[in-house]
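So the chains spell out like this:
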Amino acid sequence: MKRKKLVSYSKYGYLFAIPFFVAFLIFTLYPIMYTLLIAFTNQQGIMPPKLKIAKDPLASFKYLFKPRGATGKMSYFLDSLINTAKIWIINFIPQLTLALLLAAWFTDNRVKVKGQGFYKVVFYLPNIITAATIAILFRTLFGYPAGYPVNDMLIKMGIFKKAFFFLDNGMASRGIVEFIQCWQWYGSTMITLIAAVIGINPEIFEAAEIDGAGRWRKFWNITLPSVRPIMLFTLVTSMIGGLSMFDIPMLFGEGKQKLGLQTIAIYIYQTALKDPYMYNRAAAASIILFLIIMVISIFLFWLLRDKDAAKLAKMKKQEMKRARELGRGL
Amino acid sequence: MASNDVVLHSKAKSDIAFKTVIYIVCTILALLSLFPFIIMLINATRSTIQIQNTAVSLVPGKDLFKNIDILGKKETFKPLVGMKNSLIISVSVTVLNIYFSCLTAYAIHAYDWKLKKAFFSLIIGIMCLPGTVTMIGFYRACYQLHLTDNKLMLILPAIAAPMTVFFMKQYLEGTLSMDIVESARIDGASEFRTFNSIVLPIMKPAMATQAIFAFVGSWNNYFLPMILFNKPKNYTMPIMVACLNEDIYKTEFGCIYLGLSMTALPLIIVYLLLSKYIVSGIALGSVKG
């Protein structure tokens, strides 16, 4: 009886999902397919020739990995891939550490930290501000030579004798970009983790305390394993976000991308939209980025599906139980 | 008894030390979060000469209006134009994103259809796909169809927002009981009406938090509008900010800070007003996810 009813309504399921599906086809699937196609063609220059598969369809892909010129240096694409990975890793490790530490502190059951609401709001603030604004603000803060806050302060405090050209130094500019990323995101990660820690059954902590466990042991043996799935989720989403990092390295390192601030997204943008407009190479780079993200997404998919499947199994079980009880009642 | 007291005493003492460390670290972090913005806001009111002499000051200057005047005379940075364009795009994106995500989530939650599982897998699969990946094809297609500089190209994609659908579906699972829907059916309401007048009101709390994130995400988006828009009359706020990197602003120290403040201040104010919902929204979203 019940099943029949569901079947008769099923057409509404399709109907209501149509707008999403159509928008997905036009704005996601079609562009990806088109990008894939361009990657195999000879689309180059301001007025690209008619779309045609190139004589060597894989030429663009080969180019991406071919060492630069006679020097044998790594290709710009691989270089930007490594830059992106470096910037992401160096921002993520302190970000997660700090977020975990703060989450543990803010959820400590013996020491209540006052003003938590204030701290959370302030720590999250940099995340809400436009990345473009932040990039240019930091570019101004770290400017050179005179009249820029950081240099000015360091000289007045006697740490530096004369102004330092941060924006002309690879290590320094990369370090600042990594700092900005970490500074913008640790608040968000912290709030996520706090919610996860609050979700842990408090009885587990109480039992551990009765057994004489200290703060460190509770953190290591209860908190950390319990929030692991959410940490993984954060890791994966942050990794994908990090792979498409653009605004801050682009606007902070304006004109100085050679300093190790060239990320994949910047590479794609500059290859396609700056002279000599190598659409095919940029498309090939996008496809490789897509494949990397796909692999990471499959991992995320597996992570979420697992949980969903478990939830579903639980629901089914309850349903069966209810049905059985009903049967007994009759 | 006495030894017990000593244990308790030392425990309390270590708790105080622990607390002190927490407050010191949190205060340093809070200052770190606020300091760049404080410098920005204060320097927006100071003259270029003042800033050149002392770049950091905690006392506001008197040159705010002078800076506004100088900034207004420059050609590229037009905050009002940027704000108007950003508002049009972000409001439309938010409305489409929220409405259609609710509809899609409801389609998955309330009905049993054959391709549902495949459809939901697709949503999770594309959840994290960044615009970078589709940019080349999207830009070329828009270019050939003469659709660059068309705001709709930034607005319409919001109909398919996988992240929001995923969140809304999780929310529906926790709050909507199908009994309500059934009784509406018995009363003779059409499925579409049931969704609009019964399901949507139930989803209001989830809609509010997701709307904030959709709006801010769209407002702060720099990559796609920068690629798609060539005409200055279409520039959104982040593109306007990027104009401050141009050489004509290099010598006007106060103006740069003022321009940055103009783009950051509306966000800071809205954030402080809505911070409660935003902070709880982040937590809700991620734990649900």
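The rules behind each value
Residues numbered from 1 in each chain as written. Chains lettered and ligands numbered in written order. Predicted model: local features only at pLDDT ≥ 70, side-chain atom pairs only at ≥ 80, totals over all residues. Heavy atoms only, no water. Helix = DSSP H or I, 4+ residues; strand = E, 2+ residues; numbered from the N terminus. Rg over C-alpha atoms; globule rule 2.2 N^0.38 Å. Contact = heavy atoms within 4.5 Å. Areas by Shrake-Rupley, 256 points an atom, 1.4 Å probe, with all protein chains shown as cover. Lys, Arg positive; Asp, Glu negative; His and termini not counted. Charge placed at Lys NZ, Arg CZ, Asp CG, Glu CD. Buried < 20%, exposed > 50% of the residue type's maximum accessible area, 1.4 Å probe, protein only. Salt bridge = Lys/Arg side-chain N within 4 Å of Asp/Glu carboxyl O. Buried area = accessible area lost by both parts, 1.4 Å probe. Polar contact = N/O pair within 3.5 Å; in protein donor to acceptor, adjacent residues only side chain to side chain. Nonpolar A, V, L, I, M, F, W, Y, C, P; charged D, E, K, R; others polar. Domains from an automatic or database assignment. Core = buried A, V, L, I, M, F, W, Y, C linked by side-chain atoms within 4.5 Å. Patch = residues over 30% accessible without salt bridge, like charges linked within 9 Å, V, L, I, M, F, W, Y side chains within 5 Å. Axes fitted to C-alpha atoms, helices over the stretch in contact; angles between N-to-C directions. Parallel < 35°, antiparallel > 145°, perpendicular 65-115°, else oblique. Left-handed = near helix turned anticlockwise from the far one by under 90°.

Draft legend 1. A look at the overall build of chain B. What chain B contains, in helices and strands, is 14 helices and zero strands. Sequence-ordered secondary structure for chain B, helices as α and strands as β, is α-α-α-α-α-α-α-α-α-α-α-α-α-α. Relative to its length of 289 residues, chain B is extended, with a C-alpha radius of gyration of 25 Å against a globular reference of 19 Å. Of the contacts made within chain B by residues no fewer than 6 positions apart, 73% connect residues no fewer than 24 positions apart. Carbon together with sulfur atoms contributes 69% to the accessible area of chain B, which is approximately 13,200 Å² in total. For chain B, the separation between the mean place of its 24 positive charges and that of its 15 negative charges on side chains is 3 Å.

Draft legend 2. Layout of the overall build of chain A. Of the regular secondary structure elements, chain A holds 13 helices and zero strands. For chain A, the N- to C-terminal ordering of α and β elements is α-α-α-α-α-α-α-α-α-α-α-α-α. Of all 330 residues assigned to chain A, the portion counted as buried reaches 50%. Partitioning the intrachain contacts of chain A with sequence separation of at least 6 by distance along the chain shows that 64% fall at a separation of at least 24. Put simply, chain A shows about 17,200 Å² of open surface, and 67% of that area lies on carbon and sulfur atoms.

Draft legend 3. Representation of the pattern of salt bridges. Residues and elements named next belong to chain B. Taken as a whole, this structure holds 13 salt bridges over all chains when the rule is applied. The closest approach of N and O atoms between Lys73 and Asp69, which form a salt bridge, is 3.3 Å. Here Lys73 pairs with Asp69, and both are found in helix H3 (residues 64-73), just four residues apart, close to one helical turn. The exposed category is assigned to Lys73, whose relative accessible area is 67%. For Asp69, a relative accessible area of 45% puts it in the partly exposed group.

Draft legend 4. Layout of the interface of chain B and chain A. Counting residues at the interface gives 108 residues for chain B and 99 residues for chain A. Of the roughly 9,200 Å² buried between chain B and chain A, counting both surfaces, carbon and sulfur atoms make up 76%. Residue Asp15 of chain B is joined to Arg110 of chain A by a salt bridge in which the shortest nitrogen-to-oxygen separation is 2.9 Å. Put simply, chain B and chain A have 18 residue pairs in polar contact (both at pLDDT 80 or more) between them. The element that contributes the greatest number of residues to the side of chain B that touches chain A is helix H1 (residues 2-43) of chain B, accounting for 20 residues. Partitioned by chemical class, the residues of the side of chain B that touches chain A number 77 nonpolar, 19 polar and 12 charged.

Draft legend 5. Fine view of the domain arrangement of chain B. You can read the domains of chain B as domain 1 (2-63) and domain 2 (74-243). Computed from C-alpha atoms alone, the centre-to-centre distance between domain 1 of chain B and domain 2 of chain B is 39 Å.

Draft legend 6. The arrangement of unusual backbone geometry in detail. Residue and element names in this part refer to chain A. Cis geometry marks the peptide bond from Tyr144 to Pro145, where omega comes out at 0 degrees. Note that Pro145 resides in the loop between helix H5 (131-141) and helix H6 (149-156). Note that the residue after Asp275, namely Pro276, is joined by a cis bond; omega there is 5 degrees. Among the structural elements, Pro276 can be located in the loop between helix H12 (264-273) and helix H13 (279-329).

Draft legend 7. Just the nonpolar core, in detail. Counting 192 residues, the largest nonpolar core has Phe123 of chain A together with Tyr106 of chain B as the members making the most contacts within it. Counting the residues that make up this core, at least three belong to each of domain 1 (2-63) and domain 2 (74-243) of chain B. Dropping the residues within four chain positions of it, Tyr106 of chain B is found in contact with Phe16 of chain A together with Tyr111, Leu172, Leu176, Val181, Thr194, Phe195 and Val199 of chain B.

Draft legend 8. Layout of the side chain of Arg46 of chain B. Here Arg46 of chain B lies in the loop between H1 and helix H2 (48-53). Of the side chains with opposite charge, Asp152 of chain A lies nearest to the buried Arg46 of chain B, which makes no salt bridge, at 7.6 Å. Reaching out from Arg46 of chain B, the side chain makes a polar contact with the side chain of Asn43 of chain B at a distance of 2.8 Å. At 2.9 Å, the side chain of Arg46 of chain B forms a polar contact with the backbone oxygen of Thr54 of chain B. Non-local contacts of Arg46 of chain B, meaning those with residues more than four positions away in its chain, are made with Ile51, Thr54, Ala55, Val56, Ser57, Val59, Gly61, Asp63, Asn67 and Gly254 of chain B.

Draft legend 9. Structural context of a nonpolar patch on the surface. A surface patch of nonpolar side chains, about 730 Å² in accessible area, is lined by Leu15, Ile18, Phe21, Val22, Leu25, Ile26, Leu29, Met33 and Leu36 of chain A. Residue position: Leu29 of chain A is located in helix H1 (residues 2-39).

Draft legend 10. Just the side chain of Asp63 of chain B, in detail. Residue and element names in this part refer to chain B. As for its position among the elements, Asp63 is in the loop between H2 and H3. No salt bridge is formed by the buried Asp63, whose closest oppositely charged neighbour, Lys66, lies at an N-O distance of 4.2 Å. The contacts of Asp63, once residues within four sequence positions are left out, are Thr45, Arg46, Ser47 and Gln50.

Draft legend 11. Fine view of the packing of helix H4 (residues 79-110) of chain B against helix H5 (residues 116-125) of chain B. Residue and element names in this part refer to chain B. Relative to each other, H4 and H5 sit at 140 degrees, their axes nearing to 10 Å. The pairing of H4 with H5 is recorded here as oblique in orientation. Pair H4 / H5 crosses with left-handed handedness. Here H4 contributes Thr104, Ala107, Ile108 and His109 to the contact with H5, which in turn contributes Lys116, Phe119, Phe120 and Ile123. In terms of residue class, the contact of H4 with H5 is made up of five nonpolar, two polar and one charged.

Draft legend 12. Here's a closer look at the environment of Gln257 of chain A. Residues and elements named next belong to chain A. For Gln257, the location among the structural elements is in the loop between helix H11 (247-252) and H12. Taking the relative accessible area as the measure of exposure, Gln257 reaches 8% and is therefore buried. Expressed as a C-alpha distance, the spacing of Gln257 and Ser80, which sit 177 residues apart in the sequence, is 9.8 Å. In contact with Gln257, not counting residues within four places along its chain, are Pro249, Met250, Gln262, Ile266 and Gln270.

Draft legend 13. Just the packing of helix H8 (residues 162-175) of chain B against helix H11 (residues 204-220) of chain B, in detail. Residue and element names in this part refer to chain B. Interhelical geometry of H8 versus H11 gives an angle of 155 degrees and a closest axis separation of 10 Å. Judged by the angle between their axes, H8 and H11 are roughly antiparallel. The way H8 lies across H11 gives a crossing that is right-handed. Each of Thr164, Phe167, Met168 and Tyr171 in H8 lies in contact with H11, whose residues at this interface are Pro205, Ala206, Met207, Thr209 and Gln210. Within the contact of H8 with H11, the residues separate by chemical class into six nonpolar, three polar and no charged.

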